Number of protein chains: 2
Amino acid sequence: MVQLTKATRRHTKDHNSRLVLQTIYEYAEVSRAELARLTQLTRTTVSDAVAELIGQGLVEEVGLGRAAIGRTPTLLRVAEDGRQMVVVNISSQELQGAVVNLRGALHGRATRPLTDRRGGAVLDELYPFVTELVERASGPLLGIGISAPGLIDMGRGIVQQTVSFHWQDLPLGNLLQSRFGLPVYLARDSHAIALANYLFGPHEPTTNLIAIKVGWGLGAGIVLNGQLFFGDDYGAGEIGHLVVDEGDLPCECGKRGCLETLASTRAIVGRARSLAATDPASLLNRYAATPEAIDLEAVLKAFLAGDAAVRQVVAEAGRYLGIAVAMLTGTFNIRRIVISGRIAPFGELIRERILSELQRRVLPNLADAIELYVEAQGPDTILLGGAALVLTSELGLVRMIRRSAGPTL
Amino acid sequence: MVQLTKATRRHTKDHNSRLVLQTIYEYAEVSRAELARLTQLTRTTVSDAVAELIGQGLVEEVGLGRAAIGRTPTLLRVAEDGRQMVVVNISSQELQGAVVNLRGALHGRATRPLTDRRGGAVLDELYPFVTELVERASGPLLGIGISAPGLIDMGRGIVQQTVSFHWQDLPLGNLLQSRFGLPVYLARDSHAIALANYLFGPHEPTTNLIAIKVGWGLGAGIVLNGQLFFGDDYGAGEIGHLVVDEGDLPCECGKRGCLETLASTRAIVGRARSLAATDPASLLNRYAATPEAIDLEAVLKAFLAGDAAVRQVVAEAGRYLGIAVAMLTGTFNIRRIVISGRIAPFGELIRERILSELQRRVLPNLADAIELYVEAQGPDTILLGGAALVLTSELGLVRMIRRSAGPTL
């Protein structure tokens, strides 16, 4: 919404202070004089803003720069450990966590397996896990960033529905906030991945981006004009439980033909198990004791060994992902699409199938413009997405982190 | 993109001047004192801004208001004919046009049938049509707003592709701009309808909205946070040529199973013709001399007479629209969805089919939140959308038009 409000001196001051912080972020090390030139603010305004930021512990003075003539200027940089964040990703199999500093450097990484995925049981694991991470922080904490699968009401910090966990209306944000006394930001995992790709991704910067997380579950996150787009109920990109097939394959959510049942790694493993069961001579049986014991790793081995039937199983998942990409292209017309998650090792075949469906399903002008990446991205990606949520919400730092000296995926 | 730039005095002045204009728009008639209170600007700042706006002919003084004590204040209002706009919609059958004032009042409505829809032929009709409208204006012109079907590059004013017109890269914006010497804004018809529904629609205001135009062609327009969302190549909402069916029904675009071939009024008429041809006893044959002569009006008559087979034909189009609405809900999660265009007279059945597909195809949380309207909207809707484009681009007037004394659809 376009909010027009009076432009007051206080607004101007905050605005200028943010501008100075972002500029220091972007240029890594700059002098006050350079800041004045870059921001076009007066020297006095810059000095005041810098003094405030130093006082807050967000900026620090470092060694001396060079000057053509006159006094050698002091350089300024973001105090990278001036604030830290605790970030946790709740995945279907485990908790992953780390402490992240203002520059996006991760330390104190930890994981904890989840055997029982009911809400209460996850909380019993989550509390000590977060406590441990809080203790690992070496600087003041800015907040906690949590990513989880499912429909998440970010505004109220509630996990509304996570089909595979059977969660309903779990007030995770408030629970953590009251226990740890820190601001908590909660996001859908696919949203966190989209934000991380936008801010830290290895490709040319772009204003709009779609990330599709394809693992045991499936969902998309959308960045529009540099910001996560949530939709009216934080459900934007909830394509995993969108029906895309008239067949009768049942989904955990109760419907039939959901994208997640057809294109996720779970779908691939499921089809591979059927394949192994019906064909005892299948290569798949070499990599697992029984058809039921086949996991994604076994499928990948058979795939890499060139098993034609397994390639067909993967190609079928790719075809359904192509339907999803076509649908996102026809609705959003965003060029940059990143497929990330445990499906990535099947890379080229998945990519090829998606592009061929895309050509078949949308106008050539739109299909030709797509930049599609299928990329394995470790847990650091999603953890950085969680950190970015805290960083943008608490300090208003957006986008420019991208061009900083920070990490790239 | 979040653009942080220096907040200068000039920015503040422009900002405040826009704020004053928008506030006058919103409150219809206000005094300078009320403006100062509403905007929280100083009396001097308000007076300066008002003087500038009066000088530009955008605001005028009217009769006297009431004051509890002291001098009776002069009221200000937008000079509704201080600027006018010429707007034209290029539809598959005709040109529709009007002159619109700052309050969205239309006059000088005109139509001109299109017999030849090739680019050159349409231009031969369009030039004299626009000339005639320019002559009908009774105040200075702010610009020309044009809506047309197809993929339109708004930035460069080029119709990139209109499948049903066989247009490719027609530089309509520049052609009109150089001929009439006025700013020209060009938009896809579905985008104009979305904007008109957002600004002038009869329902409760909302920040996000999707309008799906369903007539001979089919496309969607999306308003996000009060602004049209175009995507990277102005292709957002280009769902008409998205393949949604594995059948082999050919489309004019060269693909098979496009939504437009299955859910548009053209699809309904096509299926009705087949029906009439295979069943000579069909009610449809009462309303047309031959099956080939059946048009939408004949189908509607048979539908209203309760013909079961015709209802089935309409229901089938509704089912495909339901697939589209489910897809838009799973990707955008926008609650307000307006179906508009020549399909509207089939209202309740279409609505019912869409809602039932929606329940079947997306998570209940998302499906239950949808506010769906199926509404007949005359050519004024799309013309107002064209006017809104000019108004927002030239004067920055957005959203508040909505609560003004202006028209509602």
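Everything numeric in this text was worked out from a predicted model, so none of it was measured.

What follows is about the overall build of chain A. What chain A contains, in helices and strands, is 13 helices and 16 strands. In summary, chain A has a C-alpha radius of gyration of 23 Å against a globular reference of 22 Å for 409 residues, a match within 12%. When the backbone C-alpha atoms are referred to their principal axes, chain A occupies close to 80 × 50 × 40 Å. Evaluated residue by residue, chain A yields a buried proportion of 59% over its 409 residues. Computed over 41 positive and 42 negative side-chain charges, the inter-centroid distance for chain A is 5 Å.

Turning next to the side chain of K255(B). Within the fold, K255(B) resides in the loop between β14 (227-229) and α7 (259-263). For the buried K255(B), no salt bridge is present, and the opposite-charge side chain at shortest range is E238(B), 8.1 Å distant. From its side chain, K255(B) meets the backbone oxygen of H241(B) in a polar contact 3.1 Å long. Excluding its chain neighbours within four sequence positions, the residues that come into contact with K255(B) are Q359(A), R360(A), R361(A), V362(A), L363(A), H241(B), V243(B), L249(B) and P250(B).

It is worth spelling out the sheet that holds strand β8 (residues 151-153) of chain A at this point. All names here are of chain A. Strand order in the open sheet made by the three strands is β8-β9-β10, with antiparallel pairing throughout. Pairing within the sheet leaves two strands with one partner each, and these edge strands are β8 and β10 (167-170). Each adjacent strand pair in this sheet contributes to an overall mean axis angle of 15°, direction not counted. Pairing analysis gives three bridges linking β8 to strand β9 (residues 158-162), with the strands arranged antiparallel. Within β9, the position partnered with D153 by the bridge is I158.

Turning our eyes to something else, we now look at the packing of aromatic side chains. Summed over all chains, the structure comprises nine aromatic pairs over all chains. Cluster of aromatic residues (ring-pair linked, three or more members): F229(A), F332(A), F229(B) and F332(B). Between R179(A) and the ring centre of Y127(A), over which it is positioned, the NZ or CZ distance is 3.7 Å. One residue, R319(B), lies across the ring of Y320(B), its end atom 4.7 Å from the ring centre.

Once that is clear, we can look at helix α6 (residues 189-200) of chain B. The periodicity of an α-helix, 3.6 residues per turn, causes residues three or four places apart in sequence to face the same way. Residue and element names in this part refer to chain B. With twelve residues, α6 should reach 16 Å at 1.5 Å per residue; the first-to-last C-alpha distance of 16 Å fits that figure. Across the twelve residues that make up α6, a large majority, twelve, are buried. Those residues of α6 that sit buried are D189, S190, H191, A192, I193, A194, L195, A196, N197, Y198, L199 and F200.

Placing chain B over chain A gives an RMSD of 0.0 Å and needs a rotation angle of 180°, together with 0.0 Å of translation along the axis. Expressed as an axis order, the relation between the two copies is that of a two-fold axis. With an isologous cut-off of 70% or more, the 98% of interface residues of chain B that recur at the interface of chain A puts this contact in the isologous class.

Contacts between the two partners involve 63 residues from chain B and, on the opposite side, 63 residues from chain A. Of the roughly 5100 Å² buried between chain B and chain A, counting both surfaces, carbon and sulfur atoms make up 57%. At the junction of chain B with chain A, the criterion picks out six salt bridges. Linking D233(A) and R335(B) is a salt bridge whose minimum nitrogen-to-oxygen distance equals 2.4 Å. At the surface where chain B touches chain A, the tally comes to 26 residue pairs in polar contact (both at pLDDT 80 or more). Put simply, the parts of the chain that give the side of chain B that touches chain A at least two residues each are α1 (9-27), β9 (158-162), β13 (218-224), β14, α10 (308-332), α11 (347-361) and α12 (364-369) of chain B.

As a working rule, side chains carrying opposite charge can pair if their charged atoms are close by. Tallying each qualifying case throughout the model produces 38 salt bridges over all chains. Note that R77(A) is salt-bridged to E60(A), the shortest N-O span being 2.8 Å. Of this pair, R77(A) sits in strand β3 (residues 74-78) while E60(A) sits in strand β2 (residues 59-64); the two residues are 17 residues apart in sequence, bridging distant segments of the chain. Where salt bridges share partners, they join E246(A), R353(B), E357(B), R360(B) and R361(B) into one cluster.

Judged by nonpolar contacts, the single largest core of 122 residues is most densely connected at I212(A), I239(A), F332(A), I212(B) and F332(B). Those residues in contact with I212(A) that sit more than four places away from it in its chain are L218(A), G219(A), A220(A), I239(A), V325(A), L328(A), I337(A), V338(A), I339(A) and S340(A). Of all hydrophobic cores here, the second largest spans 79 residues; its members include L133(B), L142(B), L199(B) and L228(B).

All names here are of chain A. When pLDDT is averaged across chain A, the result is 89; 93% of the residues are at 70 or more. Note on residues 1-5: pLDDT is under 50 here. Beyond four places in sequence and across chains, it has 13 contacts. For the stretch residues 399-409, pLDDT sits under 50, and the model shows 39 contacts to residues farther than four places along the chain or on other chains. Across the assembled chains, the prediction reports ipTM 0.85 with pTM 0.86.

Residues and elements named next belong to chain B. In space, the three strands of this open sheet follow the order β1-β3-β2, with antiparallel pairing throughout. Of all the strands in the sheet, the pair left with one neighbour each is β1 (30-31) and β2 (59-64). Bridge analysis of β1 against strand β3 (residues 74-78) gives two bridges, and the strand direction is antiparallel. Opposite V30, over in β3, you have L76 as the bridge partner.

Conventions adopted
- Residues numbered from 1 in each chain as written.
- Chains lettered and ligands numbered in written order.
- Predicted model: local features only at pLDDT ≥ 70, side-chain atom pairs only at ≥ 80, totals over all residues.
- Heavy atoms only, no water.
- Helix = DSSP H or I, 4+ residues; strand = E, 2+ residues; numbered from the N terminus.
- Rg over C-alpha atoms; globule rule 2.2 N^0.38 Å.
- Buried < 20%, exposed > 50% of the residue type's maximum accessible area, 1.4 Å probe, protein only.
- Lys, Arg positive; Asp, Glu negative; His and termini not counted.
- Charge placed at Lys NZ, Arg CZ, Asp CG, Glu CD.
- Salt bridge = Lys/Arg side-chain N within 4 Å of Asp/Glu carboxyl O.
- Polar contact = N/O pair within 3.5 Å; in protein donor to acceptor, adjacent residues only side chain to side chain.
- Contact = heavy atoms within 4.5 Å.
- Pairing = 2+ DSSP bridges.
- Axes fitted to C-alpha atoms, helices over the stretch in contact; angles between N-to-C directions.
- Phe/Tyr/Trp six-rings, centres within 6.5 Å; stacked < 30°, edge-to-face > 60°.
- Lys NZ or Arg CZ within 6 Å of the ring centre and 35° of its normal.
- Expected span 1.5 Å × (residues − 1).
- Least-squares fit on C-alpha atoms with pLDDT ≥ 70 in both.
- Buried area = accessible area lost by both parts, 1.4 Å probe.
- Core = buried A, V, L, I, M, F, W, Y, C linked by side-chain atoms within 4.5 Å.
- pLDDT = per-residue confidence, 0-100.

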